[in-house]
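Structural features, examined
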Amino acid sequence: MKKWLCILIFAILMGSWWFLEKVNQVKFEPLNISDKFVEIKPGQTFTQLCRQWQKNGALSHCLPYQLYSKLTPKLFGLQSGVYALKGLTVLEAVAKVSRGEQHRFSFTIIEGTPIWEVEKKLSDAPYLNQDIDNLSSQLMLDYDSVEGWLYPDTYYYHGFDSALGLLKRARDKMQAVLQHEWQNRASDLPLKTPYEALILASIIEKETGLHEERKKVASVFINRLKKGMRLQTDPTIIYGIGEGFDGDIKRKDIRQKTPYNTYRIDGLPPTPIAMPSEASIHAALHPQKTDYLYFVATGNGGHYFSKTLAEHNKAVKNYILNKQNSR
């Protein structure tokens, strides 16, 4: 009898030791994965996930975790989504999935980018549901083009969120900003609608990257519109050429009549030419009071502004001379 009692006690002690070892393993074993993100599918159980990890060598054995899951079932309830789990222990990873702490992906619309660049970047965005067909119609815009209607900002999403939903947020923000600026616009502007303001803002956005210049650039275009002068702005030529633009405006490009070439058409082009920033929208509707009708690049990021054609031609010659001397 004593012999069997000793064997029983020994078995209990060994079992307890084994159990404590496995608990210790469960607590501290790292999740050995190389993938940056892990996708948890709807309805996937911990047992299925654990076996997948064991098969891929991410952990040693599933049994200890299955035993542990019986003691703490709430910890092992998985929520579907895409998670960043690299560098965590197995239990830390499971806890993160159980809490639904999905990875937040970011998508940035950069001010001054045209719609085709946004769409290309969107198609390359990871784990984003590409549910876009007819974008203008889906965004419920009263215009044939989406150009200009997406507010430049960083937008966050979770795995398999809707691309259309993301763009709707960008559209809503642009509409709100444009409406606010339009309601508080300066008086005596030659702009009939908020859409015309959006078009002008996009041109301002492409003409200068200096915040302090925007209102001055806006004043040139506003003054020209008031006088019935053509805007003659290079970014509209580039936009008219489209994605095939090689980086150099040639004489034939200036002479080419496209719907956007403001050297050849009167007034504003038919649509915006890029996604304008809030600062450029504000500048279009609150231009500086000047008599300027011309401007040319100085070569250092800024522009020289002129009131007369003679002064402007002199500034252009100085720009060309400085550019040649700097080579």
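As shown above, the structure is provided for reference.
Rules and cut-offs
- Residues numbered from 1 in each chain as written.
- Predicted model: local features only at pLDDT ≥ 70, side-chain atom pairs only at ≥ 80, totals over all residues.
- Heavy atoms only, no water.
- Salt bridge = Lys/Arg side-chain N within 4 Å of Asp/Glu carboxyl O.
- Helix = DSSP H or I, 4+ residues; strand = E, 2+ residues; numbered from the N terminus.
- Buried < 20%, exposed > 50% of the residue type's maximum accessible area, 1.4 Å probe, protein only.
- Contact = heavy atoms within 4.5 Å.
- Pairing = 2+ DSSP bridges.

1. Things to note about the pattern of salt bridges
All told, the structure shown has ten salt bridges when counted by the stated rule. In this structure, the salt-bridge partner of Asp 188 is Lys 226, at a minimum N-O distance of 3.3 Å. Taken together, the positions of Asp 188 in the loop between helix H7 (163-183) and helix H8 (194-207) and Lys 226 in helix H9 (residues 214-227) put the pair 38 residues apart, joining distant regions of the chain. For Arg 230, the salt bridge identified is with Asp 266, shortest N-O distance 2.9 Å. Linking Arg 230 in the loop between H9 and helix H10 (234-241) with Asp 266 in the loop between helix H11 (251-255) and helix H12 (278-285), this pair joins segments that are 36 residues apart in sequence. Sharing partners across several salt bridges, the network here consists of Glu 111, Glu 205 and Arg 214.

2. So, H12
Residues of H12 that are buried include every one of Ser 280, Ile 281, Ala 283, Ala 284 and Leu 285, and no others. Those residues of H12 hidden inside the fold are in contact with H7, H8 and H9.

3. What to know about the pairing of strand E3 (residues 105-108)
On a regular strand, one side chain projects to one face of the sheet and the next to the other, so that they alternate. Side chains Phe 105 and Phe 107 of E3 all project onto a buried face; the interleaved residues Ser 106 and Thr 108 project onto a face where none is buried. Pairing of E3 with strand E5 (residues 154-157) involves four bridges; the strand directions are antiparallel. Opposite Thr 108, over in E5, you have Thr 154 as the bridge partner.

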